[in-house]
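# Examination of the molecular architecture
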Amino acid sequence: MQRRAKGDGDNEGMKTITNIADQLFRKVQPVDSAFGSETAETRTPAFCAIDCPGRCPLELHLRDGELARVSANKAAPACHRGLSMRAWANSPDRLMWPLRRVGPRGSAQFERVTWDEALDEIADQLARIRRERGSESIYLAYTTGQSCTTADPFERLMNCFGGFLDHYNNYSNPQINAMVRSMYGPDALYPGGSELDTAADARLVLVFGASPAETGTGRATWHGAWDRVVEQVGERGGRIVMVDPRRNGSIPKRKRPASGEREGQASAVCDASLTGSNTHKGRPAAPASGGALSADAAPGGKTVSWLPINPGTDGALAAALLHEPAFTHNALDWDFLRERCIGFTDKTLPERRRGLGLSVMDYLRGTGYEHVAKTPAWAAAITGIPADDIRELAAQLATARPVFIMQGWGPQRRSNGEMTSGMIMMLAAALGQVGLPGTNNGMNIAWGGGFLTRVSAGKNPVPFRIPAYRFLDAIENGESLGTREGVRGLPEAGYGNAGGSGFAAEGKPEQSSPGKRATDSVQHQDSAAHLPSSIKAIICHGGNCLTNQHGDVNRAHRVLGDPSKCEFILNVDVEFTDSARYADIVLPDLFRMEQESAMDADTWGRRIAVSTGELGARFERRGAWNTCVELAKRWEIENAFTEGRTEGEWIRRLYEGDRERSTGLPTFDRLLEDGLAWRADRAEPFVALADWRHDPDAHPLDTPSGKIELFSELLAAAAETLRDTPDEGAVTPIPTYVPEWGPAEFAVERPATDGAQEPDAELRADGHGCESVAFLPAGGRECESDAELPANGRKSESNTEPACDQPLRVFGFHSVARIHSSWGNVPAVSRRVPQVISINPADADARGIATGDLVEASNRFGTLRLPAHVTEDVIAGTIVMPQGAWWQAEGRSMQNTPGAASDRTADADAAEPIDVGGCINTLTTSRPSPLAFGNPQHTCWCHLHRHMGTEAYLSETAHPA
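Computed from a predicted structure; not experimentally measured.

Turning our attention to the overall build of the chain. From N to C terminus, the chain includes 27 helices and 26 strands. Looking at the 961 residues of the chain, the share that counts as buried comes to 64%. Considering only intrachain contacts with a sequence separation of at least 6, the fraction spanning at least 24 residues in the chain is 77%. Accessible surface, the chain: about 32600 Å² in total, of which carbon and sulfur atoms supply 48%.

Of all nine residues in strand 24 (residues 862–870), eight are buried; the element is thus mostly enclosed. Pairing analysis gives three bridges linking strand 22 (residues 837–839) to strand 24, with the strands arranged parallel. By the bridge assignment for strand 24, I837 is matched with A868. In this sheet, strand 24 lies alongside strand 23 (residues 854–859) in antiparallel orientation, the contact comprising six bridges. Bridging across to strand 24, S858 finds its partner in T863. Between strand 23 and strand 24, which follow one another and run antiparallel, lie two residues.

Quick look at the packing of helix 9 (residues 314–327) against helix 13 (residues 387–399) now. Running from N to C, helix 9 and helix 13 point in directions that differ by 60°, and their axes come no closer than 9 Å. One way to sum up the angle between helix 9 and helix 13 is to call them oblique. As helix 9 packs across helix 13, the resulting crossing turns out to be right-handed. Contacts between helix 9 and helix 13 pair L317, A320, L321, E324 and P325 from the former with I390, R391, L393, A394 and L397 from the latter. Its residues assigned to classes, the contact of helix 9 with helix 13 comprises eight nonpolar, no polar and two charged.

Okay, the confidence of the model for the chain next. In regions of low pLDDT, the predicted coordinates are not meant to be interpreted in detail. Averaged over every residue, the pLDDT of the chain is 82; the share at 70 or more is 78%. Contacts of residues 751–801 to residues separated by more than four positions or lying in other chains number 116 contacts, the stretch itself having pLDDT below 50. Confidence drops under a pLDDT of 50 for residues 951–961, and excluding neighbours within four residues, the segment shows 19 contacts in the predicted structure.

By the criterion of burial, helix 5 (residues 153–160) is predominantly enclosed, with seven of the eight residues buried. Inspection of helix 5 places P153, F154, E155, R156, L157, M158 and N159 among the buried residues, and these make up the whole buried set.

Moving on, we come to the nonpolar core. A general tendency of soluble globular proteins is for nonpolar side chains to be buried together. By size, the foremost hydrophobic cluster in this structure holds 100 residues, and its most contacted members are Y184 and I708. Ranked by residue count, the leading element in this core is helix 14 (residues 417–430), at nine residues. If you look at the next biggest cluster of nonpolar residues, it comprises 38 residues, including L99, V462, L481 and L490.

Turning our attention to the environment of Q125. Mapped onto the secondary structure, Q125 falls in helix 4 (residues 115–133). Distance in space between the C-alpha atoms of Q125 and E567 is 8.8 Å, their sequence separation being 442 residues.

A separate point is the side chain of S250. Locating S250 in the fold gives a position in the loop between strand 9 (239–243) and strand 10 (304–307). Using a relative accessible area of 5% as the deciding quantity, one classes S250 as buried. A distance of 2.9 Å separates a polar atom in the side chain of S250 from the backbone nitrogen of A213. Not counting chain neighbours up to four residues away, the residues in contact with S250 comprise S211, P212, A213, E214, W226, M242 and V304.

You can see S456 is positioned in the loop between helix 14 and strand 13 (465–467). Since its relative accessible area comes to 46%, S456 is described here as partly exposed. Considering only alpha carbons, one finds S456 and D152, 304 residues apart in sequence, at a separation of 10.0 Å.

Moving on: unusual backbone geometry. With omega at 10°, the peptide bond leading from Y190 into P191 counts as cis. Relative to the assigned elements, P191 resides in the loop between helix 6 (174–183) and strand 8 (204–208). A cis amide bond links R401 with the next residue in sequence, P402, at an omega value of -5°. Relative to the helices and strands, P402 resides in the loop between helix 13 and strand 12 (403–407). In this model, D64 sits at a positive phi of 55°, which is unusual for a non-glycine residue. Positive phi outside glycine occurs at F933, with the angle close to 55°. With respect to the helices and strands, the residue F933 is situated in the loop between strand 25 (878–882) and strand 26 (941–946).

What follows deals with the packing of aromatic side chains. Note on aromatic pairs: each is described by the distance of the centres and the angle between the planes. Scanning the entire structure with this criterion turns up 14 aromatic pairs. When the ring of W88 is compared with that of F591, the centres are 5.0 Å apart and the planes differ by 70°; the resulting orientation is edge-to-face. Here W88 is found in helix 3 (residues 85–89), whereas its partner F591 is found in the loop between strand 16 (585–588) and strand 17 (596–600), with 503 residues between them in sequence. Side by side, W88 and F591 carry an identical accessibility label, which is buried. Centre to centre, the rings of W334 and F344 are 6.0 Å apart; their planes meet at 70°, and the pair counts as edge-to-face. Pair noted here: W334 is in helix 10 (residues 334–340) and F344 is in the loop between strand 11 (341–342) and helix 11 (360–365), with a separation of 10 residues, a long-range link.

Cut-offs used in this document
Residues numbered from 1 in each chain as written. Predicted model: local features only at pLDDT ≥ 70, side-chain atom pairs only at ≥ 80, totals over all residues. Heavy atoms only, no water. Helix = DSSP H or I, 4+ residues; strand = E, 2+ residues; numbered from the N terminus. Buried < 20%, exposed > 50% of the residue type's maximum accessible area, 1.4 Å probe, protein only. Contact = heavy atoms within 4.5 Å. Areas by Shrake-Rupley, 256 points an atom, 1.4 Å probe, with all protein chains shown as cover. Pairing = 2+ DSSP bridges. Axes fitted to C-alpha atoms, helices over the stretch in contact; angles between N-to-C directions. Parallel < 35°, antiparallel > 145°, perpendicular 65-115°, else oblique. Left-handed = near helix turned anticlockwise from the far one by under 90°. Nonpolar A, V, L, I, M, F, W, Y, C, P; charged D, E, K, R; others polar. pLDDT = per-residue confidence, 0-100. Core = buried A, V, L, I, M, F, W, Y, C linked by side-chain atoms within 4.5 Å. Polar contact = N/O pair within 3.5 Å; in protein donor to acceptor, adjacent residues only side chain to side chain. Phe/Tyr/Trp six-rings, centres within 6.5 Å; stacked < 30°, edge-to-face > 60°.

Laid out in structure tokens, this is it:
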């Protein structure tokens, strides 16, 4: 079916999208910055304290005590988000005084109350629930909005009050962290990989699912480092290959099509399908003179290439990239694998595991596990990458030195994320490209190496912790959650017990970055033990993960909307988020730029930034520390909480202690004047595992063997615990490619009567990773051509189903418009990346969709409606959209002001509203990943259809007055 044109070329289409976005996003008139123009302007230092790797210093310009504008600190320039802090601080969604719910949960019906009224009710409700159900029924929610030395006081407060139900994991990277613990040991969790600047010394940089220019905007953070790497690698004739289902923002844009030429024609594209093969319909076209490292015709394009891949199949590509250097080029670092690694060959396995086909070589050769050789032809049928392209990239990996291999957190944020992340790390290790200049350990770039000490939270008297992604399960039926569901702190069992997963054995000190809670997996525990109580109260401070950022947002709305399940919810934030709609009490917090603060101004702790707090509070807002002090008074634990110090005194005390263990840091008073300081003892870029590579005896890895454990007894034990569960076969003793969940999980598959089969089901039917075959050696064979395997490596629904009804993969990406959902309500920032669904022309043609059409994506979890953007910057069979947009029910004003009439009813059987804000979690699942119990939100399938009535909508919005 021919696509209908809405304008001349892509520029006109994007204008249409922007106009539609203007209608979808609430327009807010900017506050006049000219007030007090005759008054002298003063400057005061501050910083952007959001969950971003930059955490950039800022300068606030004040007139008559009001914030007139925000500018960057020239020593570490901030991005557009930081410079828009004034617009965010003055947003109509900004909370001004305490609120108490007067309507149904989720109705946004609140009344204004005094601070004393709010604090009294909070103190009474939490004390009652503690008395009736125990401290373990009070949950401190996972959030990401606290980034300073005193910014998260509720943990300290609740520990003084008898404890609380804690969580482990985050929503960012639990799957890869689980694999790091088994492969490199928990000490490698933070800071993680090498610093990005280390890649400037590489000859070949291979990037899986990462976009440093988007996830770390700002010249003083990853974006600036990425530009330096591209320039320096290019100067030496090196190459950067970006493996991603979408052309992300770190890949140079190709030239636009000439007049009258359709986007995607060979003359308009100078990258993509790397050898010019067009055997995979719907893949971006490529020039005839391709090649695995052919590049884009754009600044930096001589260096950077895009290698499109089917989502969730990075592990299959990594397996083939290992197969070729092992069997074709003989280019692996065999001495390194023999001396420093466990399990690559049969001889390096633990003695009792030898001869069973359990080594990595057995997996690659096809003599173990699912008994298929991991050739480029095998991987091509799964990944959608032509086999010749895989061979060419493998040849480059065999010869280029140094090689810097990294992965973002996108590939691991899937149902198969544990195995996928392990495959990528194993690729770096097998090449011997770890711990050397210009190399990485296969993880994401360094994160979490903060320097400053945060105020102690004290000891939590409650021993139990749940995976952060399972809090809804703990509300609905917490008493049924035990070790199999990931609960930690239950009565301990012995090593190897079938009820335990084999991770984080007791007695090992927990590893976490300063200010971050642990991200490890479940301990060995008694499988018969369970939580003593469901969650009955929640404290949510500085986050939107109760609803908007959690999988299956409609389920979150249903669960939190029922006060009989969770009796009391406290929300403390700077603005009225979707999560705040479900609170019983909402308290107005302060931005860190509005109060005295100190924090690490990057992820590595090289820079220290402060805020003087000169801007101060407006209306009835208070900082969270002072709120906790008032609650502590009501519970008669003030001395235990404050230890006789104010928040400002704690900040100074902590800083001066840190100053004694570093060089070059000024006094705190001088830091307040300058706003920014640099540590003199952090100069050269960090290289992951460098100390161990240089002297393994003096710096052994924190694994049982002190080596890299490609075969892990912990993984083997975890695989045992998954027997007879829906996740059986999802974990193997070595990293392997495991297909992710298919359309059936999202109820978008064909009915069984059609004879159609869920994608990946055939591979599972063959026993991939299952115990019945994974631990038995067998003679494998190589696939000689793509034709020997079904299309896409599995039985395809396209054999029996019209294209317009085929399910599509869908995943979100971090755009430059937001950090998670922060700035999601600031139109000036949101419009930089319109909230649209990007779709490949092949999929758009099959559905009669053109750029600018409203489309509906739906599955069993919900339906969302957004404009479409037809582009070859996303692979066929997949749609993508920016994550973090605020959920908005159809017909509800975008302005999230409390007091509006409810758009949700108390009727549990009522149809779920259509989300027109574009929150991707309308479609995602709340089922956790099998090993880490982590966030698998990038594994998602949906149906996509053009919304009826689009033409009428466009006629009203394409050219608004």
